[in-house]
Structure formats: C-alpha cells, structure tokens
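One-letter residues, chain by chain:
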Amino acid sequence: MHLLSMFLAGIGVVNALENGLARTPQLGWNTWNSFACSMNETVILDAAKKIVSLGFKDLGYNYIVLDDCWSAGRNSSGYLIPDAQKFPNGISDVADKIHALGLKIGIYSSAGTLTCARYAGSLGHEEKDAAVWASWGVSSEFNLLLDILVVGLLIHVQIDYLKYDNCYNQGEEGTPKLSYDRYNAMGKALNDTGRPILYSLCNWGSDGPWNFAPTIANSWRTSGDLSNVWDKEDVNCPCAELDGLDCKLPGYHCSIMNVVNKAVYYPSKAYAGAWNDLDMLQVGNGGLTDDEATSHFSLWAALKSPLLMTNVLNKIDEPTISILQNTAVLAVSQDPTGSSAIRMWRHYVDDGEIQMYSGPLSGGDQIVLLLNGGSSARDMNATLTDIFWANGPKGTASQVRSAWDVYDLWGGRMSNATAQGIIQGESSTRPIDMPKLGGASKVYSQVPLPASKALMGTKVGSVKASGTVKAHVRPHGVAMLRLRAQKSNDEL
Ligand code: GLA
C-alpha cells in the first residue's frame, strides 16, 4: 500500500466518491481557448486578479484552471516538473498567489502517455502525479522521502482541481470498463492524497462517461471540443446527435447546437457532485452574436454544465460582462436542486429548429427555456402541460392546475453603462453585493430565491392554470423564464 494512503487511512480521511466538491456545477476560468500553449505565469495571475477586481469571484467563479502546456516533462525521479520559462517561480508560487486571492487552482493532464498538445501524460504515473500536484513545493528530487514530505506539507494548500484529458490513451478505450479503469486509476490517486481535488474528466463522451463516471468524477465532458460557432457542420466534429452516444471520433470545432443536441439525451445523469460538462464557455471569444452568446450561457446554465470562462479578461467588453455576470442565470446554474433542464420538445421550422426546455428549481419554481434556433425572430409558446410533462403526462401534473408568475431572467440584464463602471473598477456599480449578503453560494441557495431584479430578472406576466407561456424570441436567441407559483388561485 502507498505510504501516504496508509497514513491517511489511519487518520480517517474521507474516501473517494463523496469528495464533497462541485455540489453545484463548478465556475471559473481556463487558459485554453484564448491562450493555448502561450499560457504562462503572467497570463494566469493577470486573469486571477481580474476575476477578483471585475467581481467574478464574488459571483462564485473561483477556479483558475491551467490547461495543457504547463510542464517540461519529468525529472530523473519521474515527477512532473513545470516549464521554468513559463513558470520562473514554479507552479507552487502561482498556487500560493491564487490562493491568496481567495481563489482555487486547477491543473491539467491526460490519461494517456502524452497530453493532447504532446506534453508528458499521466498514464501509468497516476500516484506520483497526484502526489506532486497535492504537494507542490516539495523538492521531488528526494524521491524516497516524498511520501513523508507530502504528508507533512498537506496543510500547505496546493492544487484543487484536475482536468484529465483522453489523448494518447494507448487504445485503452472502446468499452466503458477500459475507460473507467483508466480514469479510476487517477481518481484513486487523487483521493489517496487526502486533499479534496475536484476531478473533471475530459474524455469527450467516449464510452459514455455519463454511465461510468458519476461515481468517480465530479464532471465529465460529453462531446468534442466546442468552437465559437453557433451552428455549422464541420468535418473535424463528425458525430452528430445520436451518434454522440457512441462517438468514435469526438473531435473539435463542434458548434454550440451540435453539442447541445448531443447533451439533451442524458440530463438525468447530472446531480450534485456529478455533472455533464458541455465544454468551456466561448462567451467573449468572438464568433458569436450577442444573442448566440446569451443563448449559449443560458443553455449551459440550465443544463448544469460547469461554467468555465475562457475569454481574455484584460480585454473584456461590456456585453460580455453583462452575460457572464447575469446572476439570475447563475442562480439557475447554482440552484440547490441540482437538476438539469430537459428538452421537452423540438420542432423543425423553415429556417432551423425550435426547442423548449423545462426543469425544476428549488422552492417549487420551474425553469423554462424557449430556444429559437431559426434565423428569424418568432413568437414562441409552451403550454403548462408540456412544461410539467415530466411531473405527469397530458396535463395530469398538479402544477398544471396552478397559476404562475413569469420572470424573464434576461429582463434585468445590466446596462452597458453599469458594465463599463465595472470594467473601470467602480465596484459600487455592481448590481448585487454578494459579500454583504453572505457570499454567492449562500445567496444562490436561498429558498425561495428573493424576487429581486438581480436574482429573478423582471416579472413579465403570469399564466393561468392550464395556460400557455408566450415569448418573442430573436434569431438564435432564447427566452429564459422562471415560473413561480402564485400564492392562491384566487389571484387569477
Ligand atoms: C483537448 C481538450 C481541450 C484542451 C486541449 C488541450 O482537446 O478537449 O479542452 O484541454 O485538449 O490540448
């Protein structure tokens, strides 16, 4: 048995699957989409400072994840070492600085011999790599003493999150068991460190991680890499829709609609501590219209995907701030019920397709999302019968007999002037003072959620028992609505 495991078993460290993390989908920022292999200490610490100064941290965005390209291979003892040019002060120094800002740090590797950008991978090195991440700051040249030193240094906090990719896996996939074993090896190694490390599996939906990963990981990627394109076929993302359930080449350049139309099949697999990951956000990276970026963010929140920003925060513009900082939408992502919305229907129209999603929120509220995938604006509607179909088909659900108030979660979107104030560092312009209210997680978990503009948007109407919710939806846009039962039917 690993020396460290023996020690930790002796002091009763919590085991495994219940690592207590990601009770709601993780929020944060990742280096990859904007910086790829140009990532370095400066880029990362600049982003971390901006997460704080722009108020993202207060809203719950707390993980700063270093993606691929951080390492310089292994030292003579077999331990991974950081690239000294990118990290002249080491990654433990970056970790310390990120922690000093009240944030958490994530690292990346692959369950293969190489990472996707062909840096050293972790297959066969799981224990050493997990130990070194949990203990960074130890001189790993003292190979024989490492386990003991790690135990001694556990109080010096280090890595909080691992994104674990799937490249160069030596063909150890093709059945759920092969993938499970490969990912479970790292899951066990992470648990053996005794340090709670959020485990974010990135195998692009191969072998159906929604079936095998929930007991070993906190989230799992559902499909190939998301591009900043709304809806386009791309030869690099060959699997469509149902192919996504058993895709042999998940690829990259997957459009937002492609990824969503694959993810709709397994909403029930998501629950507290275990989430479908539709990939990192492309909001603010160019390529999407304002409506498309708004829809992307809304869908990811309603489907309970982790929300990892990837935009350049030093250059953030006002519309990007007002999307990523919409606390009414973040409250849906972070709702304590932890249920993903379900696609209740889909219809093809002349210029695309339209869809309706619905799901439960805490306190008996309901999220309704009308998605207009078409290229022209249209009036859309959803009956209470369809909205509550999962609670009882054909209008048999008790909720259908209630009257509901309807709140537009984008109705309270902050103005460009407010966002401009945030960019200029005027924290007083922020629409909601989370620290004063006890912190983001406390605010989002209130039941019922207060009907403030910041948390529920604006009330746009009501719907009678057995009635229909209506909205005008722009091209590639959404209406994201929160329904709250009226207190009594007398109010009708
Ligand atoms: C894969 C992952 C991406 C990113 C790159 C890094 O493509 O899916 O999210 O981590 O590797 O090389």
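Quick caveat: nothing in here was measured; it's all calculated off a predicted structure.

(A) Representation of the packing of helix α3 (residues 41–53) against helix α4 (residues 90–100). Closest axis-to-axis distance for the α3/α4 pair is 10 Å, and the angle between their directions is 10°. Between α3 and α4, the angle is such that the two are roughly parallel. Of α4, the residues touching α3 (which contributes E41, I44, L45 and A48) are V94, K97 and I98. Of the residues in the contact of α3 with α4, the class split is 5 nonpolar, no polar and 2 charged.

(B) Inspection of the packing of aromatic side chains at higher detail. Scanning all chains against the criterion turns up 7 aromatic pairs. On the numbers, 5.0 Å between centres and 55° between planes, the contact of Y63 with Y161 is tilted. Of the two residues, Y63 is situated in strand β2 (residues 63–65) and Y161 in strand β6 (residues 161–165); the sequence distance between them amounts to 98 residues. Residue Y63 shares its accessibility class with Y161, and that shared class is buried. When the ring of Y164 is compared with that of Y199, the centres are 6.2 Å apart and the planes differ by 40°; the resulting orientation is tilted. Here the residue Y164 occupies a position in strand β6, and Y199 occupies one in strand β7 (residues 198–201), the gap between them amounting to 35 residues. With relative accessibility at 0%, the residue Y164 sits in the buried group. Residue Y199 is classed as buried on the basis of its relative accessible area of 2%. Within the aromatic cluster, the residues linked to one another by ring pairs are Y164, Y183 and Y199. It is K128 that lies over the ring of Y79; its NZ or CZ is 4.9 Å from the centre.

(C) Structural detail: the environment of L437. With respect to the helices and strands, the residue L437 is situated in the loop between α14 (416–423) and α15 (440–444). Residue classification places L437 among the partly exposed residues on the basis of a relative accessible area of 47%. Residues in contact with L437, not counting those within four places in the same chain, are I432, K442 and V443.

(D) Here's a closer look at the site of the ligand. Taken together, 13 residues are adjacent to the ligand, and D67, D68, K163, D165 and D225 come closest. Contacts to the ligand include W204, whose side-chain N or O atom sits 3.0 Å from an oxygen atom. The protein chains hide 92% of the 310 Å² of surface that the ligand would expose on its own. Classifying every residue of the shell around the ligand gives 7 nonpolar, no polar and 6 charged.

(E) Summary view of the nonpolar core. Ranked by internal contacts, the top residues of the largest apolar core, which has 107 residues, are W133, F297, W300 and M480. Summarising the domain contributions, this core has at least three residues from each of domain 1 (3–222 + 266–280) and domain 2 (342–485). Those residues in contact with W133 that lie beyond four places of it in its chain are W70, L80, I107, Y108, S109, S122, Q158, I159, L162, M186 and L190.

(F) How the structure looks around the confidence of the model for the protein. For the protein, per-residue confidence averages 92 on the pLDDT scale, and 91% of positions sit at 70 or higher. Low pLDDT, under 50, characterises residues 1–16; the stretch is placed with 20 contacts to residues that sit more than four places away or in other chains.

(G) Just the domain arrangement of the protein, in detail. Domain boundaries assigned for the protein yield domain 1 (3–222 + 266–280) and domain 2 (342–485). With 8 residues of domain 1 in contact, the opposing surface of domain 2 contributes 9 residues. Note on domain 1 versus domain 2: buried area summed over both sides is about 630 Å², and carbon and sulfur give 57% of it. The largest per-residue losses of area from domain 1 upon contact with domain 2 belong to L54, D58 and L59, which jointly make up 68% of the total buried on that side. Counting every contact that joins domain 1 to domain 2 gives 1 salt bridge. The interface formed by domain 1 and domain 2 holds 3 residue pairs in polar contact (both at pLDDT 80 or more) in total. Split by residue class, the side of domain 1 that touches domain 2 holds 4 nonpolar, 3 polar and 1 charged.

(H) Highlighting the pairing of strand β11 (residues 342–349). The sheet contact formed by β11 and strand β12 (residues 352–360) spans 7 bridges and is antiparallel. Each bridged residue has a counterpart across the sheet, and for V349 the counterpart in β12 is G352. Hairpin connection between β11 and β12: a loop of 2 residues separates the two successive antiparallel strands.

(I) Geometry of the state of the cysteines. Enumeration according to the criterion identifies 4 disulfides in this entry. Note that C116 is cross-linked by a disulfide to C167, the S-S spacing being 2.0 Å. For the disulfide bridge between C116 and C167, the dihedral angle about the S-S bond is near 100°, and by the sign convention the bridge is right-handed. Taken together, the positions of C116 in the loop between β5 (104–110) and α5 (126–134) and C167 in the loop between β6 and α7 (176–193) put the pair 51 residues apart, joining distant regions of the chain. Look at C116 and you get partly exposed, because its relative accessible area is 30%. Look at C167 and you get buried, because its relative accessible area is 14%. Disulfide pairing is shown between C239 and C247; the S-S distance is 2.1 Å. For the disulfide bridge between C239 and C247, the dihedral angle about the S-S bond is near 85°, and by the sign convention the bridge is right-handed. By relative accessible area, which is 9% here, C247 ends up buried.

Parameters and conventions
Residues numbered from 1 in each chain as written. Predicted model: local features only at pLDDT ≥ 70, side-chain atom pairs only at ≥ 80, totals over all residues. Heavy atoms only, no water. Axes fitted to C-alpha atoms, helices over the stretch in contact; angles between N-to-C directions. Helix = DSSP H or I, 4+ residues; strand = E, 2+ residues; numbered from the N terminus. Parallel < 35°, antiparallel > 145°, perpendicular 65-115°, else oblique. Contact = heavy atoms within 4.5 Å. Nonpolar A, V, L, I, M, F, W, Y, C, P; charged D, E, K, R; others polar. Phe/Tyr/Trp six-rings, centres within 6.5 Å; stacked < 30°, edge-to-face > 60°. Buried < 20%, exposed > 50% of the residue type's maximum accessible area, 1.4 Å probe, protein only. Lys NZ or Arg CZ within 6 Å of the ring centre and 35° of its normal. Near = heavy atom within 4 Å. Polar contact = N/O pair within 3.5 Å; in protein donor to acceptor, adjacent residues only side chain to side chain. Areas by Shrake-Rupley, 256 points an atom, 1.4 Å probe, with all protein chains shown as cover. Core = buried A, V, L, I, M, F, W, Y, C linked by side-chain atoms within 4.5 Å. Domains from an automatic or database assignment. pLDDT = per-residue confidence, 0-100. Buried area = accessible area lost by both parts, 1.4 Å probe. Salt bridge = Lys/Arg side-chain N within 4 Å of Asp/Glu carboxyl O. Pairing = 2+ DSSP bridges. Disulfide = S-S within 2.5 Å.

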